[in-house]
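# Inside the fold
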Amino acid sequence: MAPPSTRRPGFSRRAQYGLFLGYVVAVAGILFALLMLAVAALDPTGFGAIKGAALDATHPVTAGGRGVARFFGGIGEGVANYVMAGSQNAELKRRLAADRRRLIQAGATELENRRLKALLKLEETSGDAVAVTRIVGSSFDSPRRLATLSAGTASGVRAGQPVRAPDGLIGRIIETGRWASRVLLVSDAASNVPVRLVRDGTPAIATGRGDGTIDLKTLEVGKNPFRRGDVLVTSGVGGVYPPNVPVAVVAAVSGDRTVAKPLADPARVDFAMVLPVYQAAAEAPLSPQTQQALEGAGQ
């Protein structure tokens, strides 16, 4: 019978060495911890220096680990951003469309506010106006320069009545219906409006050219008195048009010829005011002959 082996079954020498080394490390760790505790209790300053040295020694490792973590974190974030790019792009497009709609709505609101302010200004200055109505159409490239109003005889509109906008004179009524009327614009070739120069009161006649502009002709022979940028208003001479309504601004001066542009553009105006035909009041007393004639007519 063979003698029993001195080696323990299932336990190698390498395992024994590993176990022994583990014990040694554990005992060394305990001794080191006890040493640190003793140093901390007996010499706090020295213990602080030891901690600082340990911090300096571990800083490169900590920084390197942090850099590695940031690197892999950046890779993950980049992959996530790439995967989410489609949905983010769609969301940005939706936000852009919503912002565009809000901008359009804000612009429309601002335009409506300007229109309402112009209408309010027009109503404040209307006085004995026949009607304040909407411009529903105007000609652009036609040889005749006409506009259409959404008010007719039912509103008291009659042929010959002047029409103005907040910016100035538009023209006069030439045709009427029950619910609509047609306006001859001041830029039409058949339009003639007595005007005067605001700067010095020079009288003139504003005649339409049929192309959206106006010719100015003075009533006096001599040097052309107009300058570029001069403003002209109605003079009230001859009736029909009340005085001091803005008409046009001088756009070009060439020798004896002066071209002006109407201040009120029906294509850009929503509302207009129909005025009664202007009749100038007599400012001087009647002559004895006229007074006798009136008295004789009354008898």
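Looking only at helices and strands, the protein chain has 3 helices and 12 strands in total. Long-range contacts, defined as pairs at least 24 residues apart, comprise 55% of the intrachain contacts of the protein chain with a sequence gap of at least 6. On the protein chain, roughly 20,200 Å² of surface is accessible, and the fraction owed to carbon and sulfur atoms is 60%.

Before going further, it helps to spend a moment on the side chain of threonine 213. Assignment of secondary structure puts threonine 213 in the loop between β7 (203-208) and β8 (214-218). In this view, threonine 213 contacts Ser187, Gly208, Val259, Ala260 and Pro262; residues no more than four positions away in its chain are not counted.

A few words on the sheet that holds strand β5 (residues 181-185). Strand order in the closed barrel formed by 6 strands is β1-β2-β5-β4-β3-β12, with antiparallel pairing between adjacent strands. On average, adjacent strands in this sheet sit at an angle of 45° to one another, irrespective of strand direction. The pairing of strand β4 (residues 168-176) with β5 spans 5 bridges and is antiparallel. When the sheet's bridge partners are listed, threonine 176 is paired in β5 with serine 181.

Quick look at the nonpolar core now. Leu169, Val193, Val195, Leu216, Phe226 and Leu232 are the most contacted members of the largest nonpolar core, which has 17 residues in total. Breaking this core down by element, the ones donating at least two residues are β6 (192-197), β7, β8 and β10 (246-254). Dropping the residues within four chain positions of it, phenylalanine 226 is found in contact with Leu197, Arg199, Ala204, Leu216, Thr218, Leu232, Val250, Val253 and Thr258. One finds Ala131, Val163, Ala165 and Val183 within the second-largest nonpolar core, a separate group that totals 16 residues.

Attention now goes to the pattern of salt bridges. Under the definition given, this model contains 7 salt bridges. A salt bridge links arginine 199 to aspartate 200; its shortest N-O distance comes to 3.9 Å. The class of arginine 199 is partly exposed, set by a relative accessible area of 36%. In this structure, the salt-bridge partner of arginine 257 is aspartate 215, at a minimum N-O distance of 3.7 Å. One end of the pair, arginine 257, is in strand β11 (residues 257-262); the other, aspartate 215, is in strand β8, and 42 residues separate them in sequence. Classification of arginine 257 as partly exposed rests on a relative accessible area of 44%. Overlapping salt bridges, with partners in common, bring together Arg199, Asp200 and Asp230 in one network.

Most peptide bonds take the trans configuration, and most residues that are not glycine carry a negative phi. The phi torsion at valine 240 lies on the positive side, around 70°, for a residue other than glycine. Here valine 240 shows up in the loop between β9 (231-234) and β10.

Further remarks concern the sheet that holds β8. On the basis of which strands lie adjacent, the closed barrel formed by 6 strands has the order β6-β7-β8-β11-β10-β9 and antiparallel pairing. Neighbour to neighbour, the strand axes of the sheet diverge by 40° on average, direction disregarded.

A separate point is the pairing of strand β12 (residues 271-274). Residues of β12 alternate between two faces, with Phe271 and Met273 on one and Ala272 and Val274 on the opposite face, all of them buried. Two strands pair when backbone bridges link them, and strand β1 (residues 131-138) and β12 are joined in this way by 4 bridges, in the antiparallel orientation. Bridged to threonine 133 within β12 is alanine 272. Two strands pair when backbone bridges link them, and strand β3 (residues 162-165) and β12 are joined in this way by 2 bridges, in the antiparallel orientation. Within β12, the residue paired with arginine 164 across the bridge is methionine 273.

Cut-offs applied
Residues numbered from 1 in each chain as written. Predicted model: local features only at pLDDT ≥ 70, side-chain atom pairs only at ≥ 80, totals over all residues. Heavy atoms only, no water. Helix = DSSP H or I, 4+ residues; strand = E, 2+ residues; numbered from the N terminus. Contact = heavy atoms within 4.5 Å. Areas by Shrake-Rupley, 256 points an atom, 1.4 Å probe, with all protein chains shown as cover. Pairing = 2+ DSSP bridges. Axes fitted to C-alpha atoms, helices over the stretch in contact; angles between N-to-C directions. Core = buried A, V, L, I, M, F, W, Y, C linked by side-chain atoms within 4.5 Å. Buried < 20%, exposed > 50% of the residue type's maximum accessible area, 1.4 Å probe, protein only. Salt bridge = Lys/Arg side-chain N within 4 Å of Asp/Glu carboxyl O.

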